[in-house]
Amino acid sequence: MKILSYFFFFTLLISCGKKEAEPIKLNSDGCEFCKMKIADGKFGAEIITAKGRIYKFDDMHCMINYHKENPNLKIQSFYIHDFSQDNTLIAAESAFYVKGGEINSPMRGNIIAVKTAEEAKANTGWNLKVAERVKITEPVTKKELKILHEELDPTGIYLKSA
């Protein structure tokens, strides 16, 4: 009985660990947002929730739209397909992004993600400048939103009511 208890505890401990990205099964897995089959291993994305559930998407924009429509979803991590390697997911916060040009993604977001600045430069047709340090912008506070909506744009001409 003691061995069974240790086994149960060990199994529980392993299952509560931090989840990693799960490879997308191309032409089998469906996009959680638009419900299309995920067919291209260069544009897909994943959300992993705090509970360990994995949501898969055929395009970065589907993932962003799903996240906007589900604001209470507690996210552990976001992953994006590395454009330079077929069906390989990379952490979204460490990726470099390129938009436009000849890029054609499934949902017409036309953004690719790559691991390095050099790969980003290789996927553009111009001299790409990359900042050495990129600061993360802090979210707008409730006080700032109130000022924006009530004092700067009270009629909602520029800012639509949220």
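Here, every reference points to the structure presented above.
Scoring rules and cut-offs
- Residues numbered from 1 in each chain as written.
- Predicted model: local features only at pLDDT ≥ 70, side-chain atom pairs only at ≥ 80, totals over all residues.
- Heavy atoms only, no water.
- Core = buried A, V, L, I, M, F, W, Y, C linked by side-chain atoms within 4.5 Å.
- Buried < 20%, exposed > 50% of the residue type's maximum accessible area, 1.4 Å probe, protein only.
- Helix = DSSP H or I, 4+ residues; strand = E, 2+ residues; numbered from the N terminus.
- Contact = heavy atoms within 4.5 Å.

> Tell me what's going on with the nonpolar core, and back it up with residues and numbers.
Grouped together as the largest cluster of nonpolar side chains are 15 residues, with contacts concentrated most on Ile47, Phe57, Met63 and Ile80. Broken down by secondary-structure element, the contributors of at least two residues to this core are strand S1 (45-49), strand S2 (54-57), helix H2 (60-69) and strand S6 (111-114). Ranked by residue count, the leading element in this core is H2, at 4 residues. Not counting chain neighbours up to four residues away, the residues in contact with phenylalanine 57 comprise Ile24, Cys31, Glu32, Phe33, Ile38, Gly44, Ala45, Glu46, Ile47, Cys62, Met63 and Tyr66. Judged by nonpolar contacts, the second largest core, of 7 residues, contains Phe83, Ile103, Ile112 and Ala120.

> So what's going on with unusual backbone geometry? Which residues, and what values?
A positive phi angle, close to 70 degrees, is found at lysine 35, a residue other than glycine. The backbone of asparagine 87 sits at a positive phi, close to 55 degrees, despite the residue not being glycine. Mapped onto the secondary structure, asparagine 87 falls in the loop between strand S3 (75-81) and strand S4 (89-91).

Structural measurements only, silent on function.
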